[in-house]
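Chain and residue survey
The residues making up each chain are set out below.
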Amino acid sequence: IIKSLARANRGFRDFSPKTWHENASCGDRVGLDIREKDEIYKNATSSLIEAFLPIMDSMEAAKASVDENAEKAALKQGIELVYRKFREVLDKLDVEEIEALGEEFDPELHNAVMHVTDEGYGENEVAEVLQKGYVFKDKVIRHSIVKVAN
């Protein structure tokens, strides 16, 4: 016991005022970490917003091309343009659609809201997708809302 107390005492003596000052400066580092996190957040958010801006541009172009007497074909073309741009943005962000139709129901990926008995489908097979689901890397952003058979 005496030897361990002597070792602890030596360690305390080695903890000089300079060491105290170095440890106190850790508080400055915390402030720097907060500023760094704010900067990272700002950059990430800016990149995300920038990715959605082409969609906004397409929406504005679609609105401009449609007047009260517009043909349905022009409106459909505008909507398709917006959809393609949005799909491109999701692809750039590595967002993928969850494949559900015909797949076995998976509660990690699907949210079953209806059940149907139909011999044309297998047990626990997704018979209809009511709303598409999406994943980002390995994180589910939105579950697919599905109708499950049998």
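Preceding this paragraph is the structure being described.
Residues numbered from 1 in each chain as written. Predicted model: local features only at pLDDT ≥ 70, side-chain atom pairs only at ≥ 80, totals over all residues. Heavy atoms only, no water.

On to the sheet that holds strand 2 (residues 110-116), then. Strand order in the open sheet formed by 3 strands is 2-6-3, with mixed pairing between adjacent strands. Here the strands that pair on one side only, and so sit at the sheet edges, are strand 2 and strand 3 (125-131). Between one strand axis and the next, the sheet turns through 35° on average, direction left out of account. Where strand 3 lies against strand 6 (residues 144-149), 5 bridges are found, and the strand directions are antiparallel. Bridge pairing in strand 6 links Glu125 to Ala149. (Pairing = 2+ DSSP bridges. Helix = DSSP H or I, 4+ residues; strand = E, 2+ residues; numbered from the N terminus. Axes fitted to C-alpha atoms, helices over the stretch in contact; angles between N-to-C directions.)

Attention shifts here to the pairing of strand 5 (residues 139-142). Of the pairings in the sheet, the one linking strand 4 (residues 134-136) to strand 5 comprises 3 bridges and is antiparallel in character. Directly across from Tyr134, in strand 5, lies its bridge partner Arg142. Counting the residues that bridge the hairpin from strand 4 to strand 5 gives 2 residues, and of these Lys137 lies at a positive phi of roughly 55°.

We note that Asn124 has phi near 60°; this positive angle belongs to a residue other than glycine. Residue position: Asn124 is located in the loop between strand 2 and strand 3. According to the relative accessible area criterion, Asn124 is partly exposed, its value standing at 33%. (Buried < 20%, exposed > 50% of the residue type's maximum accessible area, 1.4 Å probe, protein only.)

Right, let's get into the nonpolar core. Membership of the largest hydrophobic core is limited to 5 residues, which are Ala51, Ile55, Ala62, Val82 and Val89. Among the secondary structure elements, those contributing two or more residues to this core are helix 3 (26-65) and helix 4 (72-92). Here the element with the most residues in this core is helix 3; it accounts for 3 residues. Apart from the residues lying within four places of it in its own chain, the contact partners of Ala51 are Val89 and Leu93. (Core = buried A, V, L, I, M, F, W, Y, C linked by side-chain atoms within 4.5 Å. Contact = heavy atoms within 4.5 Å.)

What the 3 strands build is an open sheet, ordered 1-4-5; its pairing is antiparallel. Among the strands making up the open sheet, the edge pair consists of strand 1 (95-97) and strand 5. Taking the axes of each pair of neighbouring strands and ignoring which way they run, one obtains an average angle of 35° across the sheet. Strands strand 1 and strand 4 of the sheet are contacted by helix 4, whose axis makes an angle of about 115° with strand 1.

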